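Here is what each chain is made of, one letter per residue.
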Amino acid sequence: MVLVAEVEPPAPPQSPTSGVDSGEEPLVIVGTGLAGYNLAREFRKLDQSTPLLLITGDDGTFYSKPLLSASLAHGKTPQQLAGTSAEEMARELNAEILIFTQVTAIHTGSRTLTLTSDNGSAEVRYGRLVLATGASCRPLPPIGGDGHARLFRINNLADYHRFRTALVGRKRVLLLGAGLIGCEFANDLTQSGYQVEMVDTLGWPLATLLPEAAGRDLQRALESEGVRFHGNTRVLRLDRNGNGIRAYLDNGEQLEAHLALAALGLSANTSLAAAAGLQVARGIAVDRHLRTSDANIFALGDCAEVEGNLLYFVAPLMACARALAKTLAGTPTPVRYGVMPLAVKTTLRPVTICPPPAEAEGKWHIDSNERGVRAEFRTKAGQLLGFALTGAAIAARDDLAAECVPVMG
Ligand SMILES: Cc1cc2nc3c(=O)[nH]c(=O)nc-3n(C[C@H](O)[C@H](O)[C@H](O)COP(=O)(O)OP(=O)(O)OC[C@H]3O[C@@H](n4cnc5c(N)ncnc54)[C@H](O)[C@@H]3O)c2cc1C
């Protein structure tokens, strides 16, 4: 690694070389989430000698983010979720890892990054650069009131630690958002003895992903365990109320709780890439080789929009890590997303979703009974483009996955 003090003049701009491998310069990965670390692991299986540098704004602990919304019921503390320290990861990967360090600028001409930490600023050179910067919680919609100190959001282990600490001695949780993460937290909290009030602007849980019959099925299961679902409404105001909060909904209802947890969706972290002039759409735009508009810079994980697909899940990220590792090790390999059904961790009523593409033409065919709902999204010609399964119907997952049209043809 070449660290250059800030006072030194930047290296002269280089024209992009035909090959992307510059020999001595490290492969630099920004981000140590599942995308950054899995890519590093896959890469090291193929190449043990290229210098590898990982940079992260957090503490670099390797952990499974999906477990954050399924840990209370399993009695797992945030500390127990922390799998492997950055120090151990550096050893395992034969890599240098800079933690609590933000990449604040990418200089594509000189192939350098500006780093900022409590120790000040520095510059570092890269041979090739991979952005695995993840996604952040979307900004909150306008919510008035003075109760925001008791409003939490969870998108990483530190957020979860903060929430769990605030939960001590509390009983009632107000959940804003009944999407994937909101529903999983509702399931986890209620299974652990908390009283859950759930508010969503749409009519039923997982409404952007599930047809009504399947969403209502999940809603009934959650409600039978005490969750109170408030659909077609929103929180307008959140006030302090004793040692808790009071929420005012736009349907006139008022709800009391101790804490609020907002799970209102994510948006890809693209600002670093955009400021460097890389092409950005909803995510950092990459082709099937995970290459950005700059030949030396790649992206994967929650930050990357792969040929128009922006998917905040582990399965696509793993497919990208395997393909990109091969490309970076010298064998250009495109990623091809197959059919990737997602298991929602609502143990009260398991749900498996394989959403049809947003613009798909077709309709849902629903087969519903008390054991579960099987919903198939088919074209007029009968082609299966997506499906949603609840309860015992999840057993049909593999058969439907085999029949379904893959995400990338
Ligand atoms: C509660 C919860 C439950 C989930 N459950 C599931 C599930 O059941 N199944 C599933 O498939 N998916 C699930 N997901 C989604 C899944 O966890 C994510 O898709 C995946 O973890 C994203 O990994 P990532 O590495 O792309 O991003 P992240 O984990 O967000 O990592 C981003 C990294 O980039 C670093 N970074 C960002 N910007 C900078 C910068 N400028 N400088 C330095 N470092 C930077 C951060 O510090 C971090 O290390 C869940 C997500 C959540 C929040």
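Basis of the calculations
- Residues numbered from 1 in each chain as written.
- Predicted model: local features only at pLDDT ≥ 70, side-chain atom pairs only at ≥ 80, totals over all residues.
- Heavy atoms only, no water.
- Helix = DSSP H or I, 4+ residues; strand = E, 2+ residues; numbered from the N terminus.
- Rg over C-alpha atoms; globule rule 2.2 N^0.38 Å.
- Buried < 20%, exposed > 50% of the residue type's maximum accessible area, 1.4 Å probe, protein only.
- Areas by Shrake-Rupley, 256 points an atom, 1.4 Å probe, with all protein chains shown as cover.
- Lys, Arg positive; Asp, Glu negative; His and termini not counted.
- Charge placed at Lys NZ, Arg CZ, Asp CG, Glu CD.
- Pairing = 2+ DSSP bridges.
- Axes fitted to C-alpha atoms, helices over the stretch in contact; angles between N-to-C directions.
- Contact = heavy atoms within 4.5 Å.
- Right-handed = clockwise from strand over helix to strand, strands pointing away.
- Polar contact = N/O pair within 3.5 Å; in protein donor to acceptor, adjacent residues only side chain to side chain.
- pLDDT = per-residue confidence, 0-100.
- Near = heavy atom within 4 Å.
- Phe/Tyr/Trp six-rings, centres within 6.5 Å; stacked < 30°, edge-to-face > 60°.
- Lys NZ or Arg CZ within 6 Å of the ring centre and 35° of its normal.
- Core = buried A, V, L, I, M, F, W, Y, C linked by side-chain atoms within 4.5 Å.

**Here we look at the overall build of the chain**
Thought 1: Check the secondary structure of the chain and you find 9 helices and 26 strands.
Thought 2: On C-alpha atoms alone, the chain measures out to a radius of gyration of 23 Å, which is about the 22 Å that the 2.2 N^0.38 rule sets for 409 residues.
Thought 3: With the C-alpha coordinates aligned to their principal axes, the bounding extent of the chain is approximately 65 × 60 × 35 Å.
Thought 4: Among the 409 residues that make up the chain, the fraction classed as buried is 49%.
Thought 5: As displayed, the chain has an accessible area near 18500 Å², and 50% of this comes from carbon and sulfur atoms.
Thought 6: Across the chain, the 38 positively charged side chains and the 42 negatively charged ones have centroids separated by 4 Å.

**Some details on unusual backbone geometry**
Thought 1: One non-glycine residue, asparagine 94, lies in positive phi territory at about 50 degrees.
Thought 2: Note on placement: asparagine 94 falls in the loop between helix H3 (86-93) and strand E4 (96-98).
Thought 3: Its identity is not glycine, yet arginine 111 carries a phi of approximately 50 degrees, on the positive side.
Thought 4: By secondary structure assignment, the location of arginine 111 is in the loop between strand E5 (102-107) and strand E6 (112-117).

**Remarks on the sheet that holds strand E20 (residues 297-299)**
Thought 1: Ordered in space as E4-E3-E2-E8-E20, the 5 strands form an open sheet in which the pairing is parallel. Bordering the open sheet on either side are E4 and E20, each of which pairs with just one other strand. Shown here is a sheet whose adjacent strand axes are inclined to one another by a mean of 20 degrees, direction ignored.
Thought 2: The sheet strands contacting helix H1 (residues 34-46) are strand E2 (27-30), strand E3 (52-55), E4 and strand E8 (128-131), and the helix crosses E3 at an angle near 175 degrees.

**A short note on the pairing of E2**
Thought 1: On E2, burial covers both faces: Leu27 and Ile29 on one face and Val28 and Val30 on the other are all buried.
Thought 2: As defined by bridge partners, E2 adjoins E3 across 4 bridges and the pair is classed as parallel. Within the sheet, the bridge partner assigned to isoleucine 29 lies in E3 and is leucine 54.
Thought 3: Following the chain from E2 across H1 to the adjacent parallel E3, one finds a crossover that is right-handed.
Thought 4: Of the pairings in the sheet, the one linking E2 to E8 comprises 4 bridges and is parallel in character.

**Notes on the side chain of arginine 378**
Thought 1: Relative to the assigned elements, arginine 378 resides in strand E25 (residues 372-378).
Thought 2: There is a polar contact of 2.8 Å between the side chain of arginine 378 and the backbone oxygen of glycine 382.
Thought 3: A polar contact is formed between the side chain of arginine 378 and the side chain of glutamate 403, at a distance of 2.8 Å.
Thought 4: Residues contacting arginine 378, with those up to four places away along its chain left out, are Gly362, Lys363, His365, Gln383, Leu384 and Glu403.

**So, the confidence of the model for the chain**
Thought 1: Of the residues in the chain, 94% have a pLDDT of 70 or more, and the chain-wide mean is 93.
Thought 2: The model gives residues 1-22 a pLDDT under 50, and that stretch makes 31 contacts with residues more than four places away or in other chains.

**Notes on the site of the ligand**
Thought 1: If you check the shell around the ligand, you find 33 residues, and the closest are Ala35, Val103, Asp302, Val314 and Lys345.
Thought 2: Alanine 35 has a polar backbone atom sitting 2.9 Å from an oxygen atom of the ligand.
Thought 3: One of the side-chain nitrogen or oxygen atoms of threonine 56 is found 3.0 Å away from an oxygen atom of the ligand.
Thought 4: For the ligand, the protein covers 89% of the area, taking 1000 Å² as the surface of the free molecule.

**Some thoughts on the packing of aromatic side chains**
Thought 1: Throughout the structure, instances matching the rule amount to 3 aromatic pairs.
Thought 2: With centroids separated by 5.5 Å and ring planes inclined at 55 degrees, the aromatic side chains of tyrosine 37 and phenylalanine 62 adopt a geometry described as tilted. Placement of the pair is tyrosine 37 in helix H1 and phenylalanine 62 in the loop between E3 and helix H2 (78-81), with a sequence separation of 25 residues.
Thought 3: Look at phenylalanine 62 and you get buried, because its relative accessible area is 16%.
Thought 4: When the ring of phenylalanine 152 is compared with that of phenylalanine 163, the centres are 5.9 Å apart and the planes differ by 65 degrees; the resulting orientation is edge-to-face. Pair noted here: phenylalanine 152 is in strand E10 (residues 151-153) and phenylalanine 163 is in helix H4 (residues 157-167), with a separation of 11 residues, a long-range link. For the residue pair phenylalanine 152 and phenylalanine 163, the accessibility class agrees, reading buried in each case.
Thought 5: Positioned over the ring face of phenylalanine 62 is arginine 41, at 4.7 Å from the centre of the ring.

**Some points on the nonpolar core**
Thought 1: One finds Leu113 and Leu131 to be the most contacted residues of the largest nonpolar core, which totals 57 residues.
Thought 2: Ranked by the residues each element gives to this core, the list is headed by helix H8 (residues 314-328), at 8 residues.
Thought 3: The residues touching leucine 131, leaving out its near neighbours within four places in the chain, are Val30, Ile106, Leu272, Ala273, Leu278, Ile284, Ile297, Phe298, Ala299, Leu300 and Cys303.
Thought 4: One finds Leu81, Leu157, Val227 and Val344 within the second-largest nonpolar core, a separate group that totals 36 residues.

**Topic: the pairing of strand E23 (residues 351-354)**
Thought 1: Covered by surrounding structure in E23 are Val351 and Ile353 together with Thr352 and Cys354, the residues of both alternating faces.
Thought 2: Note that strand E22 (residues 342-344) and E23 share 3 bridges and pair antiparallel. When the sheet's bridge partners are listed, alanine 343 is paired in E23 with threonine 352.
Thought 3: Between the antiparallel neighbours E22 and E23 lie 6 residues.
Thought 4: Looking at chain direction, E23 and strand E26 (residues 384-390) are connected through 4 bridges and run antiparallel.

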